[in-house]
Amino acid sequence: GAVVSQHPSRVICKSGTSVKIECRSLDFQATTMFWYRQFPKQSLMLMATSNEGSKATYEQGVEKDKFLINHASLTLSTLTVTSAHPEDSSFYICSVSFLAGGTNEQFFGPGTRLTVL
Amino acid sequence: GEDVEQSLFLSVREGDSSVINCTYTDSSSTYLYWYKQEPGAGLQLLTYIFSNMDMKQDQRLTVLLNKKDKHLSLRIADTQTGDSAIYFCAEDRGSTLGRLYFGRGTQLTVWP
């Protein structure tokens, strides 16, 4: 399966700063990537669909100006949490999707733990 | 919106069978999925089932789907300590683009 990496794996920042998280598809060209966030003991919540070369599609209730997504190449999508606040502290996970055997198979990155002080 | 529901914890003895249950929300979901997450690792696809199937078996894994009740289960036969992990069910709500909607995950603990 596809190998997906995320960087950084862990980041601590001060309130009001912006944080960029990278998601890379290491062995597969991905036109579509997804960003999720996961609170402790909660489900993964789909935030947005990242489309290579076009604007991201955000799920209802997710602020697109708060969570900026850029998918500038077929192997890299970035999520920037702007003006981060403590309530943005969470585990952010990306995934790469491709069609295989009739279904969209997704491969997930290891996640990025964001802590906002 | 409605949530995909799973019980949070399950403990079993090594060698027993484990059954993890899930109630999903959308009858238009085409595929239902089971993912496994081990500590410090990303989610790994275990298996999936097409919505017009009732059952799918893959080695030690058996997936049962009751579409009428929107109930999905994952049975792991001969559970091993290495099966200890968090198991997530997910639905696609009819999306053809790969969007998935997850439950909260069931922490499976296998005792030797």
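Right above here is the structure, for reference.
Residues numbered from 1 in each chain as written. Chains lettered and ligands numbered in written order. Predicted model: local features only at pLDDT ≥ 70, side-chain atom pairs only at ≥ 80, totals over all residues. Heavy atoms only, no water.

Enquirer: Outline the sheet that holds strand β3 (residues 18-23) of chain B, supporting the account with residue identities and numerical values.
Expert: Strand pairing in a sheet relies on backbone hydrogen bonds. The paired strands run either parallel or antiparallel. Residues and elements named next belong to chain B. Strand order in the open sheet formed by five strands is β1-β3-β8-β7-β6, with antiparallel pairing between adjacent strands. Two strands in the sheet have a free side with no partner beyond their single neighbour: β1 (5-6) and β6 (55-58). Sheet topology places β3 next to strand β8 (residues 71-76); six bridges connect them, and they run antiparallel. Bridge pairing links C22 to L72 in β8. (Pairing = 2+ DSSP bridges. Helix = DSSP H or I, 4+ residues; strand = E, 2+ residues; numbered from the N terminus.)

Enquirer: Account for the sheet that holds strand β3 (residues 19-25) of chain A, with residues named and values stated.
Expert: Residues and elements named next belong to chain A. Within the open sheet, the four strands sit side by side as β1-β3-β8-β7. Their pairing is antiparallel. If you trace the sheet from one side to the other, it starts and ends with β1 (4-7) and β7 (67-73), each paired once. Each strand axis lies, on average, 15° off the axis of its neighbour in the sheet, ignoring direction. Sheet topology places β3 next to strand β8 (residues 76-81); six bridges connect them, and they run antiparallel. Looking at the pairing, V19 lines up with V81 of β8. (Axes fitted to C-alpha atoms, helices over the stretch in contact; angles between N-to-C directions.)

Enquirer: Describe the pairing of β3(B), listing the residues and the values that go with them.
Expert: All names here are of chain B. The side-chain alternation of β3 yields one buried face, formed by S18, I20 and C22, and one unburied face, formed by V19, N21 and T23. Bridge count for β1 against β3 is two bridges, and the pairing is antiparallel. Looking across to β3, one finds that Q6 is bridged to C22. (Buried < 20%, exposed > 50% of the residue type's maximum accessible area, 1.4 Å probe, protein only.)

Enquirer: Outline the interface of chain B and chain A, supporting the account with residue identities and numerical values.
Expert: Opposite the 19 residues of chain B that make contact, chain A presents 23 residues. Carbon and sulfur atoms make up 53% of the area that chain B and chain A hide from each other, which totals about 1,700 Å². Here chain B is connected to chain A by one salt bridge. Along the contact surface separating chain B from chain A lie two residue pairs in polar contact (both at pLDDT 80 or more). Listed by contribution, the elements that provide at least two residues to the side of chain B that touches chain A are β4 (31-37), β5 (43-50) and β10 (101-102) of chain B. With four residues, the top contributor of residues to the side of chain B that touches chain A is β4(B). Tallied by class, residues from the side of chain B that touches chain A come to 12 nonpolar, five polar and two charged. (Contact = heavy atoms within 4.5 Å. Buried area = accessible area lost by both parts, 1.4 Å probe. Salt bridge = Lys/Arg side-chain N within 4 Å of Asp/Glu carboxyl O. Polar contact = N/O pair within 3.5 Å; in protein donor to acceptor, adjacent residues only side chain to side chain. Nonpolar A, V, L, I, M, F, W, Y, C, P; charged D, E, K, R; others polar.)

Enquirer: Before we move on, can you summarise the state of the cysteines with the specific residues and values?
Expert: Enumeration according to the criterion identifies two disulfides over all chains in this entry. Note that C22(B) is cross-linked by a disulfide to C89(B), the S-S spacing being 1.9 Å. Across the S-S bond linking C22(B) and C89(B), the dihedral sits near 65°, which makes this disulfide right-handed. Linking C22(B) in strand β3 with C89(B) in strand β9 (residues 85-91), this pair joins segments that are 67 residues apart in sequence. Here the two residues C22(B) and C89(B) agree in accessibility, since each one is buried. With no disulfide of its own, C13(A) has C94(A) as its nearest cysteine by sulfur position, at a separation of 19 Å. (Disulfide = S-S within 2.5 Å.)

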